[in-house]
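# Structural description and commentary
The primary structure of each chain is shown beneath.
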Amino acid sequence: MTIKELFKLSHRELIAYRTRSWATVITIGVLFGLLLAVIVIVQGLENAALRYAGNATNGVIYLVSSYKNNSVVLERIGEFGGEIITLADDQKAGLNEEILSVAIVARFSSLSRAYEYYSKSDAKQLHYSSENYQIVELFGNQISVYRYFCEKNKDFIRPITVALMIVSVFILAFTMAHLITSSTKTFVLYRSIGASKSQLLLIYFGYLLELCIRAAGFAILLALILAGVATTVGWNYLSDQFTTTFPDSPAYWPVLIGANWRCVWVIIGMFSVTPISFLLCLDQFSNRKLAQKLKGD
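Just so you know, these numbers come straight off a predicted model, no measurement behind them.

### Some points on the overall build of the chain
When its secondary structure is counted, the chain shows 12 helices and four strands. Within the chain, the proportion of its 297 residues that are buried is 43%. Here the analysis covers contacts within the chain between residues at least 6 apart in sequence; of these, 86% occur between residues at least 24 apart. Surface accessibility of the chain: about 16200 Å² in total, with carbon and sulfur atoms responsible for 61%.

Have a look at this one:
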């Protein structure tokens, strides 16, 4: 039996059990679609907020640092991709000259790297006091905005992702077990025409894989639709809020559609559910189980 024939047989299972298959696709798609929608909407909101917050500096982050040991400051700035600079006279307007005279000003082009520097998570490693190491952002509050969204992603999105993964595994495993239970005679037919146990496994693994492919497409479509709806509903409110919070910034469209690496991991997670669910049902393919089901019929 060729690979092409195996995939034809696995697709036949989807057609034969169309209602159950599409119910599974929609259920899994809705679960992951909602998660993707949250990620896409939150990332879009973060992108809009950061665009307003970084307008004054075109997205560049300026951090002024002061510590008793300047060598530590210089080492960390270099490690996190910062560049030591001297502020121009017009940039110094309104700033505390006394602080600037004893502090070090650095420019960062990467917000994530600037946030790592600002977080001072390497205090124990480099043996410095994080409390006495002062860092202040100049000309904006990109770090505060970025930190807010990092905390929300950590406290909200990650737990939901894990929960949805577990639920999806059980749904797929239940669907697979139910399908196998109702397909005993089909197994016997396949075996009678020479299909081996490994070929049976490949047929139903292909079936589960096709379910996940369709569910992934449905989840992406659902996420984009929900993000579009959220953008439409929140357009006026968000525009007013951003304009009030950042009065000196020009108005930007608050489009709540954004992508990041979490979207990729959600899709990868969907496909990782397939082998896990399949492994949970391997015992259903044993000769003893098949014999028991035939006796029950």
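Next, the rest of the story.
### Remarks on the confidence of the model for the chain
Residues with a pLDDT of 70 or more make up 87% of the chain, whose mean pLDDT is 83. Taking the mean pLDDT of every element in the chain, the minimum, 62, falls on helix α12 (residues 287-296) and the maximum, 94, on helix α6 (residues 111-119).

### Comments concerning the nonpolar core
Within the largest apolar cluster, 34 residues are counted, with the highest numbers of intra-cluster contacts made by Phe 32, Tyr 190 and Met 270. Among the secondary structure elements, those contributing two or more residues to this core are α1 (3-16), α2 (18-53), α8 (142-181), α10 (197-245) and α11 (261-280). With 12 residues, α10 is the largest single contributor of residues to this core. Sequence-distant contacts of Phe 32, that is, excluding residues within four places in its chain, are made with Leu 164, Met 165, Ser 168, Ala 219, Val 266 and Met 270.

### Thoughts on the sheet that holds strand β2 (residues 83-84)
The four strands are arranged β2-β3-β1-β4 in an open sheet whose pairing can be described as antiparallel. Sheet topology places β2 and β4 (134-138) at the edges, where each strand pairs with a single neighbour. Examined bridge by bridge, strand β1 (residues 61-66) and β4 share five bridges and lie antiparallel to one another. Paired with Ser 65 across the two strands is Ile 135, which belongs to β4. This element, α6, spans β1, β3 (104-108) and β4 of the sheet and lies at about 15° to β1.

Cut-offs applied
- Residues numbered from 1 in each chain as written.
- Predicted model: local features only at pLDDT ≥ 70, side-chain atom pairs only at ≥ 80, totals over all residues.
- Heavy atoms only, no water.
- Helix = DSSP H or I, 4+ residues; strand = E, 2+ residues; numbered from the N terminus.
- Buried < 20%, exposed > 50% of the residue type's maximum accessible area, 1.4 Å probe, protein only.
- Contact = heavy atoms within 4.5 Å.
- Areas by Shrake-Rupley, 256 points an atom, 1.4 Å probe, with all protein chains shown as cover.
- pLDDT = per-residue confidence, 0-100.
- Core = buried A, V, L, I, M, F, W, Y, C linked by side-chain atoms within 4.5 Å.
- Pairing = 2+ DSSP bridges.
- Axes fitted to C-alpha atoms, helices over the stretch in contact; angles between N-to-C directions.

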